[in-house]
Amino acid sequence: MDTNIIKAAKDIVQAKKIAAITGAGISVESGIPPFRGKGGLWESFDPMEYAHIDAFMNHPEKVWDVLLKGMKDIMDRAKPNDAHFGLAQLEKWGYLQTVITQNVDGLHQAAGNTDVIEFHGTFAINYCMDCQKKYTMSEITLDQIPPKCTCGGIIRPDCVFFGEQIPHENIMRSFEIAQTCDIMLVIGTSAIVHPAAIIPDSAHQSGATVIEINPEFTPLTDRVSNYILKGPAGQMMRQLIAEIKTIRE
Ligand code: NAD
Ligand code: ZN
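Residues numbered from 1 in each chain as written. Chains lettered and ligands numbered in written order. Predicted model: local features only at pLDDT ≥ 70, side-chain atom pairs only at ≥ 80, totals over all residues. Heavy atoms only, no water.

## Section: the site of ligand 1
- Around ligand 1 sit 26 residues in total, of which Ala24, Arg36, Gln102, Asp105 and Ser190 are the nearest.
- A distance of 2.6 Å separates an oxygen atom of ligand 1 from a polar atom in the side chain of Ser190.
- Contact distances for ligand 1 include 2.7 Å between an oxygen atom and a side-chain N or O atom of Asn214.
- Out of a free accessible area of 850 Å², ligand 1 has 92% covered by protein chains.
- The residue makeup of the shell around ligand 1, split by class, is twelve nonpolar, ten polar and four charged.
- Formed jointly, the shell around ligand 1 draws a minimum of three residues from each of two domains, domain 1 (1-31 + 78-120 + 164-249) and domain 2 (33-76 + 126-159). (Near = heavy atom within 4 Å. Polar contact = N/O pair within 3.5 Å; in protein donor to acceptor, adjacent residues only side chain to side chain. Areas by Shrake-Rupley, 256 points an atom, 1.4 Å probe, with all protein chains shown as cover. Nonpolar A, V, L, I, M, F, W, Y, C, P; charged D, E, K, R; others polar. Domains from an automatic or database assignment.)

Shown next as structure tokens:
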């Protein structure tokens, strides 16, 4: 076994306050493609053409048809994987308090984590841009594109598009957690999208041990991470949970 797994298990059982920050990579083993890298959505789409708020406002039908319809199909079927379940287990044992996620797929809550900051909002909820009425993603049928509210207004997902502000309380709370945790687990994020990308920096500067889980090295690996569990998140998390179990026995 990777010696870093043994080290991470020991660090985790000794810590008082642990937070995790996750990105698209944690949901890859659930069948949701990431944006960047191999098989990423950006290989087939230009982000500014489809994921920018101006694109949505100017051509909601195009953004629903090309980007959101595909995401809905994938996310309607996606289930949490062992990485999500591992984080839920860490919470049950009392080691992990909060998951800060850049993802919009709702899989951390589905796995059982109870304190999840959805930094970029959620794709599970949609709302009417005219009357604000809410719709769950499963209530939305794509018989007409863009989907419309009973009032006739256009419906949009409750996630943050490029060019939109991150909700202030998400930023405040995430940095407060980063500055007060002993360990920050950084899982499946390329740490490129700001300001989420600098949350691990903030933890590092405040003296936390930063443990990365990613099959690839990232811009954080040398600069911010104390060490990396290099591999797919589900596989690494299975080994980590097994190792913590042996320590606890
Ligand atoms: P990203 O697409 O920029 O990077 C994905 C990262 O995951 C890479 O570092 C890659 O090496 C890693 N990765 C790939 N396979 C992995 C695996 N099996 N286990 C662990 N790591 C793996 O993702 P990002 O940094 O999260 O930023 C993209 C933005 O796109 C986010 O803000 C997010 O809102 C959004 N997004 C969300 C979803 C989702 O909700 N599941 C999916 C795609 C994009
Ligand atoms: Zn409406």
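## A look at the packing of aromatic side chains
- If you walk through the whole model with that rule in mind, you get two aromatic pairs.
- Arranged with centres 5.2 Å apart and planes meeting at 35°, the rings of Phe56 and Phe161 form a pair that is tilted. Here Phe161 lies in the loop between strand E6 (155-159) and helix H7 (168-180) and Phe56 lies in helix H3 (residues 53-58), a separation of 105 residues in the sequence.
- Residue Phe56 is classed as buried on the basis of its relative accessible area, which comes to 0%. (Phe/Tyr/Trp six-rings, centres within 6.5 Å; stacked < 30°, edge-to-face > 60°. Helix = DSSP H or I, 4+ residues; strand = E, 2+ residues; numbered from the N terminus. Buried < 20%, exposed > 50% of the residue type's maximum accessible area, 1.4 Å probe, protein only.)

## Describing the nonpolar core
- Residues Ile12, Leu87, Leu90, Leu185, Leu229 and Leu240 are the most contacted members of the largest nonpolar core, which totals 28 residues.
- Listed by contribution, the elements that provide at least two residues to this core are helix H1 (3-14), strand E1 (18-22), helix H5 (82-92), strand E2 (96-101), strand E7 (183-187), strand E8 (209-213), strand E9 (227-229) and helix H10 (233-248).
- The element that contributes the greatest number of residues to this core is H10, accounting for six residues.
- Setting aside residues up to four positions removed in sequence, Leu90 forms contacts with Ile12, Tyr95, Leu96, Leu185, Ile241 and Ile244.
- Judged by nonpolar contacts, the second largest core, of 21 residues, contains Ala19, Ile117, Met184 and Ala208. (Core = buried A, V, L, I, M, F, W, Y, C linked by side-chain atoms within 4.5 Å. Contact = heavy atoms within 4.5 Å.)

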